[in-house]
Amino acid sequence: MRPYVLASAAVSLDGFLDDTSPERLLLSSPADFDRVDQVRAGADAILVGANTIRTDNPRLRTRSGPDPVKVTLTTSGKLDPDAKFFTTGDVAKLVYAASPVVPSLAASLDGLAVVVDAGDPLDPHRMLADLAARGIGRLMVEGGSAVHTLFFTEDLVDELHLVVAPFFVGEPDAPRFVGSGRFPQGRMLLVETRQLEDVVLLRYLTGQAAVDYRRLREAVALADLCPPSTTFRVGAVITDAAGEVIATGYSGEHDPHDHAEESALAKLDGDDPRLAGATIYSSLEPCSARASRPVTCTQHIVNAGIPRVVFAWREPDLFVDARGAELLRGAGCEVVEVPDLAALVRKANRHLPGVG
Ligand SMILES: NC(=O)c1ccc[n+]([C@@H]2O[C@H](COP(=O)([O-])OP(=O)(O)OC[C@H]3O[C@@H](n4cnc5c(N)ncnc54)[C@H](OP(=O)(O)O)[C@@H]3O)[C@@H](O)[C@H]2O)c1
Ligand SMILES: [Zn+2]
């Protein structure tokens, strides 16, 4: 298990993160700084490399929500206890250090940070497993160059927020967004472009996050097939371990009381071996209480032994108290929420009271 990793960077038109002057180069626009602040507030932890702490001395705080836990990594152990990273914010500070420097760093940062042995050489996978064990579900990685290069070349990024500023740096010794290395092959999935004053935000998903987004989009589209209904219009797609679709369904498919997940599951044998490696995509959080039938979709999913559930829109408490995600997690399922697609699902359910 590792956290969901969101890499975030601002670059010049020629791909630099900074120039070579001692002051930090401002690349973002004011509106983009506000956006970054909100993304930070939505993360459980925020990570920068030790060199960014040395050169920029960032606080890594937020104005729009609770401060995330601060995380850094170092091989040299050269971290100043007076850096704002350590002295500001009433949150945990975690330093992942290569084994040889752990004892001296633990002494110099005593009472300021928790120093964690991350192996020798420092192992980013070990670091992420440790973060997950500490309850970090969503990690924002803010650079710099060496750290982005490490995360991308180790294939540890799920989402990238890249902001392009409208000017050149043009200095060969300035840090680039990433250095050279063996990067994951294939095209990332572009899910959003947004203008914020004079900069542009490009938002991409990679790997499993991109696969999930595409399949969930199909589930959302299936809801268009639902007959006119007074309850939720929902679509569901079930894939096998290889990501191939093995069943689909939508609410009201055969009977007005059919739920999408139930309808898709009804097309598979209860002892189908593919269920043990399957993922079910549903445009809405699976129901955890229903008036129409005795078995909820949450229970159907648990009974089928499906280990992974991905949904877009958290069920609003319109008809019942919705606890599907919570119950599924409690039953050992991995539950992934993709709020990016929630607006589309809301739109398909505008007919419901309080949704429009
Ligand atoms: N525009 C933006 O969005 C943005 C964001 C952040 C930073 N920046 C800029 O980026 C520059 C700093 O970038 P940087 O590349 O020099 O440093 P960095 O990525 O911030 O930090 C790299 C440091 O991380 C530690 N580390 C430990 N294990 C590592 C591994 N396996 N791979 C890579 N790093 C590892 C090392 O620390 P030790 O040296 O202590 O061993 C290494 O020097 C600054 O100019 C800053 O302003 C820009
Ligand atoms: Zn249901």
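Notes on the structure in this doc start here. Predicted, not measured: the structure shown is a model, and the values here were computed from it.

Right, let's get into the pairing of strand 3 (residues 69–74). Counting buried residues in strand 3 gives 6 out of 6 residues, a clear majority hidden from the surface. Covered by surrounding structure in strand 3 are Val69, Val71 and Leu73 together with Lys70, Thr72 and Thr74, the residues of both alternating faces. Read from strand 2 (residues 45–49) through helix 2 (residues 50–56) to strand 3, the crossover connection turns out right-handed. The pairing of strand 3 with strand 4 (residues 93–97) spans 5 bridges and is parallel.

Attention now goes to the side chain of glutamate 261. Here glutamate 261 is to be found in helix 8 (residues 260–265). Buried and unpaired, glutamate 261 has no salt bridge, with arginine 290 as the nearest side chain of opposite charge at 7.6 Å. Excluding residues within four positions of it along the chain, glutamate 261 makes contact with Val234, Ala236, Ile280, Ser282, Leu284, Glu285, Pro286, Cys287, Cys297 and Ile301.

Next up on the list: helix 9 (residues 297–304). Listed as buried for helix 9 are Cys297, Thr298, Ile301 and Ala304. On an axial view of helix 9, the arc spanned by its buried residues comes to 135°, and they lie on one face. Against helix 8, strand 12 (279–284), strand 13 (308–313) and helix 10 (324–330) lie the buried residues of helix 9. Glycine 305 occupies a position one or two residues after helix 9 and carries a positive phi of about 75°.

Glancing now at the pattern of salt bridges. As a working rule, side chains carrying opposite charge can pair if their charged atoms are close by. Taken as a whole and judged by the stated rule, the model has 22 salt bridges. As a salt-bridge pair, arginine 308 and aspartate 212 come within 2.7 Å of each other at their nearest N and O atoms. With arginine 308 in strand 13 and aspartate 212 in helix 7 (residues 207–222), the pair connects residues that are 96 residues apart, well separated along the chain. Using a relative accessible area of 12% as the deciding quantity, one classes arginine 308 as buried. Of the charged contacts in the structure, one is a salt bridge between arginine 323 and glutamate 326, with a shortest N-O distance of 3.2 Å. Judged by relative accessible area, which is 35%, arginine 323 ranks as partly exposed.

Taking 1.5 Å per residue, 12 residues should reach 16 Å; helix 1 (residues 30–41) reaches 17 Å between its end C-alpha atoms and fits that length. Each element contacted by the buried residues of helix 1 is listed here: strand 1 (4–11), strand 2, strand 6 (138–141), strand 7 (159–164), strand 8 (189–196) and strand 9 (199–205).

Evaluated as defined, the whole model comprises 3 aromatic pairs. Pairing phenylalanine 85 with phenylalanine 86 gives two aromatic rings, centres 4.9 Å apart and planes at 75°, and the pair type is edge-to-face. The same class applies to phenylalanine 85 as to phenylalanine 86, namely buried. A ring pair is formed by phenylalanine 152 and phenylalanine 177, whose centres lie 6.0 Å apart and whose planes are at 75°; its orientation type is edge-to-face. Of this pair, phenylalanine 152 sits in helix 6 (residues 145–153) while phenylalanine 177 sits in the loop between strand 7 and strand 8, and the two are 25 residues apart along the sequence. Since its relative accessible area comes to 9%, phenylalanine 152 is described here as buried. The ring of phenylalanine 85 carries lysine 70 above its face, with NZ or CZ at 5.8 Å from the centroid.

Spatially, the 5 strands line up as an open sheet ordered 11-10-12-13-14, and their pairing is mixed. Every interior strand has two partners, whereas the edge strands, strand 11 (245–250) and strand 14 (334–337), have only one. Taken pair by pair, the neighbouring strands of this sheet meet at an average axis angle of 15°, ignoring direction. Of the strand pairs in this sheet, strand 13 and strand 14 are connected by 4 bridges, and their pairing is parallel. When the sheet's bridge partners are listed, valine 310 is paired in strand 14 with valine 336. The sheet strands contacting helix 7 are strand 10 (235–239), strand 11, strand 12, strand 13 and strand 14, and the helix crosses strand 12 at an angle near 55°.

What follows concerns the environment of arginine 54. Within the fold, arginine 54 resides in helix 2. Judged by relative accessible area, arginine 54 falls into the partly exposed class, the value being 42%. In sequence terms arginine 54 and alanine 83 are 29 residues apart; their C-alpha atoms lie 7.8 Å from each other. When sequence neighbours within four positions are dropped, the list of residues in contact with arginine 54 reads Ser76 and Lys78.

Our next topic: the site of ligand 1. In the neighbourhood of ligand 1, 24 residues make up the surrounding shell, with Asp18, Thr52, Thr74, Ser76 and Ala146 lying closest. Alanine 10 is positioned such that a nitrogen or oxygen atom in its backbone is 2.9 Å from a nitrogen atom of ligand 1. The backbone of leucine 17 places a nitrogen or oxygen atom 3.0 Å from a nitrogen atom of ligand 1. The fraction of the free accessible surface of ligand 1 (920 Å²) that becomes covered by protein chains is 81%. Residue contributions to the shell around ligand 1 peak at 6 residues, all from helix 2.

Cut-offs and rules
Residues numbered from 1 in each chain as written. Chains lettered and ligands numbered in written order. Predicted model: local features only at pLDDT ≥ 70, side-chain atom pairs only at ≥ 80, totals over all residues. Heavy atoms only, no water. Buried < 20%, exposed > 50% of the residue type's maximum accessible area, 1.4 Å probe, protein only. Helix = DSSP H or I, 4+ residues; strand = E, 2+ residues; numbered from the N terminus. Right-handed = clockwise from strand over helix to strand, strands pointing away. Pairing = 2+ DSSP bridges. Lys, Arg positive; Asp, Glu negative; His and termini not counted. Salt bridge = Lys/Arg side-chain N within 4 Å of Asp/Glu carboxyl O. Contact = heavy atoms within 4.5 Å. Arc of directions from axis to C-beta. Expected span 1.5 Å × (residues − 1). Phe/Tyr/Trp six-rings, centres within 6.5 Å; stacked < 30°, edge-to-face > 60°. Lys NZ or Arg CZ within 6 Å of the ring centre and 35° of its normal. Axes fitted to C-alpha atoms, helices over the stretch in contact; angles between N-to-C directions. Near = heavy atom within 4 Å. Polar contact = N/O pair within 3.5 Å; in protein donor to acceptor, adjacent residues only side chain to side chain. Areas by Shrake-Rupley, 256 points an atom, 1.4 Å probe, with all protein chains shown as cover.

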